[in-house]
Amino acid sequence: MKTTMDPPVTLELPLAEPVPAPGCGVCGALARQRAEYTATGNPSRATDCSVEIRNHPHRARKGRRS
Ligand SMILES: [Zn+2]
């Protein structure tokens, strides 16, 4: 018997669009580029931007000492 309770498998979507980190200019720029690539029919480039956003390192907080 099959149930219809199972959610769809999402394992094939490793690159769901990451959210750019708030306040990060790099992520913000990448997000804009991604939107442009998406709008201009260049999904592979858009994916590249998503990867960069996802991989962009951020520190949780900046210490005040410097
Ligand atoms: Zn960033």
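So, here is what we can say about the structure in this document. (Residues numbered from 1 in each chain as written. Predicted model: local features only at pLDDT ≥ 70, side-chain atom pairs only at ≥ 80, totals over all residues.)

Some thoughts on the overall build of the protein chain
Part 1 of the reasoning: In terms of regular secondary structure, the protein chain is built from two helices and zero strands.
Part 2 of the reasoning: In the protein chain, which comprises 66 residues, the proportion classed as buried is 14%.
Part 3 of the reasoning: Looking at the protein chain alone, contacts between residues at least 24 apart form 45% of all its contacts between residues at least 6 apart. (Helix = DSSP H or I, 4+ residues; strand = E, 2+ residues; numbered from the N terminus. Buried ≥ 20, exposed ≤ 12 C-beta atoms within 10 Å, placed from the backbone. Contact = placed C-beta atoms within 7 Å.)

Structural notes on the nonpolar core
Part 1 of the reasoning: If you look at the biggest cluster of nonpolar residues, it comprises six residues: Cys 27, Leu 30, Ala 31, Ala 46, Cys 49 and Ile 53.
Part 2 of the reasoning: Where this core is concerned, the elements lending two or more residues are α1 (25–39) and α2 (43–55).
Part 3 of the reasoning: Non-local contacts of Leu 30, meaning those with residues more than four positions away in its chain, are made with Pro 20, Cys 49, Glu 52 and Ile 53. (Core = buried A, V, L, I, M, F, W, Y, C linked by C-beta atoms within 7 Å.)

Digging into α2
Part 1 of the reasoning: Over its 13 residues, α2 runs 18 Å from end to end, which matches the ideal 18 Å to within 8%, given 1.5 Å per residue.
Part 2 of the reasoning: Burial in α2 covers these residues: Ala 46, Cys 49, Ser 50 and Ile 53. One side of α2 holds all its buried residues, which, seen down the axis, span an arc of 100°. Exposed side chains of α2 directed beyond 90 degrees from the buried face belong to Ser 44 and Asn 55. (Expected span 1.5 Å × (residues − 1). Arc of directions from axis to C-beta.)

Concerning the packing of α1 against α2
Part 1 of the reasoning: In contact at an axis separation of 8 Å, α1 and α2 are set at 165° when each is read in the N-to-C sense. Taken together, the axes of α1 and α2 are roughly antiparallel relative to one another. In this structure, α1 meets α2 at a crossing whose hand is left-handed. Of the residues in α2, those in contact with Cys 27, Leu 30, Ala 31, Gln 33, Arg 34, Tyr 37 and Thr 38 of α1 are Pro 43, Arg 45, Ala 46, Cys 49, Ser 50, Glu 52 and Ile 53.
Part 2 of the reasoning: When grouped by side-chain class, the residues that make up the contact of α1 with α2 number eight nonpolar, three polar and three charged. (Axes fitted to C-alpha atoms, helices over the stretch in contact; angles between N-to-C directions. Parallel < 35°, antiparallel > 145°, perpendicular 65-115°, else oblique. Left-handed = near helix turned anticlockwise from the far one by under 90°. Nonpolar A, V, L, I, M, F, W, Y, C, P; charged D, E, K, R; others polar.)

Focus on α1
Part 1 of the reasoning: Spanning 15 residues, α1 covers 21 Å between terminal C-alpha atoms, matching the ideal 21 Å at 1.5 Å per step.
Part 2 of the reasoning: Buried within α1 we find Cys 27, Leu 30, Ala 31 and Arg 34. Looking down the long axis of α1, one finds its buried residues gathered within 105° of arc, a one-sided arrangement. Residues of α1 that are exposed and angled more than 90 degrees away from the buried face: Gly 25, Arg 32 and Ala 39.

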